[in-house]
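These are the residues of each chain, in order.
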Amino acid sequence: MSEHGRRQVLRTGLGAVAGSTVLGAIGGATPASATPRPDGPLGEGGAVTRGEPESARADLPWVADLGDGRYQNPVLNADWSDPDAIRVGPYFYLVASTFNRVPGLPVLRSVDLVNWTVIGHALTELLPKDHFSEPRHGEGVWAPALRHHDGKFWIFYPDPDFGIFMVTATDPRGPWSTPCPVKPGKGLIDPCPLWDDDGQAYLIHAWAKSRSGINNRLTLHRMSPDGTALLDEGRIVINGDDLPNYTTLEGPKLYKRDGWYWIFAPAGGVTNGWQSAFRSRSVWGPYENRIVLAQGDTPVNGPHQGAWVTTEGGEDWFLHFQDRGAYGRVVHLQPMRWRTDGWPVMGTDDGSGRGAPVLLHTKPRVNGRTEVTAPATSDEFTGAELGKQWMWQANADPAWWSLRRFPSRLALVCRPSPVTHDLRLLPNVLGQRLPAESFTATTSMSLSTATAGSRAGLVVLGETYAWVGLCHDGDRIVLVCRTAAQEAAEVDAVKPVALRRGRSAVRLRVSVRPGAVCQFAADVDGRGFTPLGAPFPATAGKWIGATLGLFATSPAADGTGGVATGRTGGVAEFDWFRVGPISP
C-alpha cells in the first residue's frame, strides 16, 4: 500500500471521528428500549464479551471495536463467507455460507455492525442426510440471503448439486423450519428474494458453471408470496457476457428504493473481484450498471459480495468479504452513501462514484451502550452443549462425543473408521474457524485406549494438514506430530516420543502468525512447552479457510476395511480449549 493510500485511509477514519460525539465508554446512554433483551444477552453461548475494550483487547486475538468511537476492519476476522445481513428493530442479523460443515447457516447478531455474537444455526444437518454423512468438500450450503417479511425471518440458500431451498423462523435463534425445496436443479446458486409493494414476489439467482455449464448471468423468477415455489422458467435480466470485462457475475442481492429496483452483485472472481450495482425502473430491466467498490489503492483484495443495511437513524452501510486464503473470507464494514447522481458508493469515493475500502472509520451511530464482543472461540466444556463455534465435517452422530460422561471435559470417541488414515476424509473432526491473523490455541488432553492405531489430537486442516497429539503405537501411548501434503499420505514431522508408563495426558498448542504460519508445541511433563517439528503454512479447504480442530479416531478392525459394529477404539478427553493473542 502506498503512502498516499495510507494517508487516505487515516483521513477517512480520523476525520470522521473528529465530527462525532462518543458518550460513555463505548456508546451513549442506554434507553430501556435499546438494552439487549434477556432472551439473548450478548456473550451467551456464541460470543466472548468484555465490558471494557482494553480488557477485550488483552484477552481476544482480534477486536474490531477500538473503544474510541472507531472500528477497524475486518469487523469479523474469520471465515464468515458470503455474508448477508438485515436489521430488525435495534438488532442487525447476519448469515454466512458453510459449505459441507455442520451445523450450517450460522446466525449472528449485533447492535452496531461491529461487535457480533453467534446466536444459533438454521441447519442442524444437511440434506440429503446420507449424502452428507461423509465430508463433501466444496458442496453443501453456498451463499445465502436473509430477509425479514410478514413477521418471519427467511433464509434462501443454494446447494449447487440439489437446488435452492428456504427455511423460516419467528425467532432468529431458532427453531428453523425444515428446508423447503424452492427450485430443484444443478448449478443454481446465490438466491435472493424480494417482496414488492404490490404483493408480487420475486427471486433472483446466479449460476455455477461447474454444475450447469453457464455462469456470469443473473436469472429472475416470479415467486409465490409464501416463498415455496417459483412461478415461471425465469428470465436472464443481466448477462455479464454483454458487459465489458465482466466475468463471474454472481451473488446478487435484490432491493427496491424510491421506485428503483437495485441489484447489488459482485463480479471478477472471489480473489480479485469488485462490487457492482445495477438499477432499473422495472424489475425485469433493462439495468444500468456501475462499479461501486473495488480494491483501489488499498490492501483489501476483491472487496465484494455482501449486504446493504440501514441503521434506525438512517445511516447506510455495506458488509462484504475479502478472501484471505487460509484465513477464509473475512468480513469488512464500509460506510455507504447515496451520491447526488442517485448511485450508491461504498468506502472512500474516488470522485467518480467508485469506492475503495476503509481500514478505519467511525462506528455506526446507534442508540445505547454497546459491549465489545467477538464470536466465541475458547471453550471450557462446562455446558450441556458444545459451543456455537464448533462444526463437524459432515452430518454428526451424537455417539461421537459427550459432555456428560466426563464432567467439565469433552470426550471424543475414537470411532473406528476405514478412512482414519486421512483426516480430510473423516467426518468426526470437530473444528472452528481461524479467529485472527495471529493467535494461539491450547488444549489439555488424554487418551484412554488399548487399541493400536487409535489417536487423537489438535489439527490444522485444509487441503493439506498437520496435527499433534497422542497415539497408541501397539505398545504404549506416544506423542506424535504428523503432516500431510495435498493428496498425499501422512508422514511423521518428528520422531514419536513415548510417554512415561502410566501417563496418557499432554498439553498441546499451536501458534499461528501472519501468513498463517503455524508452529506446534507440547508439554508432556508440566515443565513448559517445547516446539514440535518445523513451522508449516495452514492452507485453505475447498471454498473455506483452514479449520482449527480436535479429533479422535481408530482404524477399522473387521478385516474387510469396514467398521466393526458396536466397537470403539477408546476415548480422548479434552479438559478445555483456549484461544488467545500471541504474547509480544
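Cut-offs and rules
Residues numbered from 1 in each chain as written. Predicted model: local features only at pLDDT ≥ 70, side-chain atom pairs only at ≥ 80, totals over all residues. Heavy atoms only, no water. Helix = DSSP H or I, 4+ residues; strand = E, 2+ residues; numbered from the N terminus. Buried < 20%, exposed > 50% of the residue type's maximum accessible area, 1.4 Å probe, protein only. Contact = heavy atoms within 4.5 Å. Areas by Shrake-Rupley, 256 points an atom, 1.4 Å probe, with all protein chains shown as cover. Pairing = 2+ DSSP bridges. Axes fitted to C-alpha atoms, helices over the stretch in contact; angles between N-to-C directions. Phe/Tyr/Trp six-rings, centres within 6.5 Å; stacked < 30°, edge-to-face > 60°. Lys NZ or Arg CZ within 6 Å of the ring centre and 35° of its normal.

K.L.:
So what's going on with the overall build of the chain? Residues and values would help.
P.N.:
When you go through the chain residue by residue, the secondary structure sums to three helices and 42 strands. In the chain, which comprises 584 residues, the share counted as buried stands at 58%. Pairs at least 24 residues apart make up 60% of the contacts formed inside the chain by residues separated by at least 6 positions. When the accessible surface of the chain is split by element, carbon and sulfur atoms take 50% of a total near 22,300 Å².

K.L.:
I'd like a description of the sheet that holds strand S42 (residues 571-580), backed by residues and values.
P.N.:
Read from one edge to the other, the open sheet built from seven strands follows the order S28-S29-S42-S32-S38-S39-S40, with strand pairing classed as antiparallel. Since the sheet does not close on itself, it has two edges, and those belong to strand S28 (401-402) and strand S40 (530-537), each with one partner. Taken together, the two bridges between S28 and strand S29 (residues 410-413) define a ladder with antiparallel strand orientation. Paired with Trp401 across the strands is Leu412, a residue of S29.

K.L.:
Tell me about unusual backbone geometry, and name the residues and values.
P.N.:
Omega for the bond connecting Val102 with Pro103 falls within 30 degrees of zero, at 0°, which places this linkage in the cis form. Within the fold, Pro103 resides in the loop between strand S4 (91-95) and strand S5 (104-110). In this chain, Leu127 is followed by Pro128 through a cis amide linkage whose omega measures -5°. You can see Pro128 is positioned in the loop between strand S6 (116-123) and strand S7 (145-149). Even without a glycine there, the phi angle at Leu105 is positive, about 50°. Note on placement: Leu105 falls in strand S5. One non-glycine residue, Asp190, lies in positive phi territory at about 55°.

K.L.:
Just give me the short version of the pairing of strand S16 (residues 260-267), but keep the residues and values in it.
P.N.:
Of all eight residues that make up S16, eight are buried, and the element is covered over most of its length. Neither face of S16 is left uncovered, since the one carrying Trp260, Trp262, Phe264 and Pro266 and the one carrying Tyr261, Ile263, Ala265 and Ala267 both have all their residues buried. Across five bridges, the pairing between strand S15 (residues 253-257) and S16 is antiparallel. Within the sheet, the bridge partner assigned to Lys256 lies in S16 and is Tyr261. Following S15, the chain reverses through two residues before pairing antiparallel with S16; Asp258 in that reversal takes a positive phi of roughly 50°. For S16 and strand S17 (residues 274-280), the ladder comprises seven bridges, and the chain directions are antiparallel. When the sheet's bridge partners are listed, Trp262 is paired in S17 with Arg279. Hairpin connection of S16 to S17: six residues between the antiparallel strands, including Gly268 at a positive phi of 95°.

K.L.:
A description of the sheet that holds strand S9 (residues 163-169) should follow, citing residues and the corresponding values.
P.N.:
The strands making up a sheet associate through hydrogen bonds between their backbones, and the pairing can be parallel or antiparallel. Strand order across the open sheet formed by four strands is S7-S8-S9-S10, with antiparallel pairing between neighbours. Strands at the two margins of the open sheet, each flanked by one partner only, are S7 and strand S10 (180-184). Here the strands of the sheet are splayed against their neighbours by 25° on average, with no regard to which way each runs. Pairing geometry for strand S8 (residues 152-159) and S9, over seven bridges, is antiparallel. Each bridged residue has a counterpart across the sheet, and for Phe156 the counterpart in S9 is Met166.

K.L.:
I'd love a proper account of the packing of aromatic side chains, names of residues and values included.
P.N.:
The description of two aromatic rings rests on the distance between their centres and on the angle between their planes. For the coordinates displayed, the defined rule picks out 26 aromatic pairs. When the centroid spacing of 5.0 Å and the interplanar angle of 65° are considered together, the rings of Tyr255 and Trp308 count as edge-to-face. One end of the pair, Tyr255, is in strand S15; the other, Trp308, is in strand S19 (residues 304-310), with 53 residues separating them in the sequence. Each member of the pair, Tyr255 as well as Trp308, carries the same accessibility label: buried. Chaining the aromatic ring pairs together yields one cluster made of Tyr255, Trp262, Phe264, Trp308, Phe318, Trp338 and Trp343. Above the face of the Phe529 ring, Arg509 is positioned so that its terminal group lies 4.2 Å from the ring centre. Taking the ring centre of Trp576 as reference, the NZ or CZ of Arg578 above it sits at 3.9 Å.

In short, the description is geometric, and any link to function would need to be established separately.
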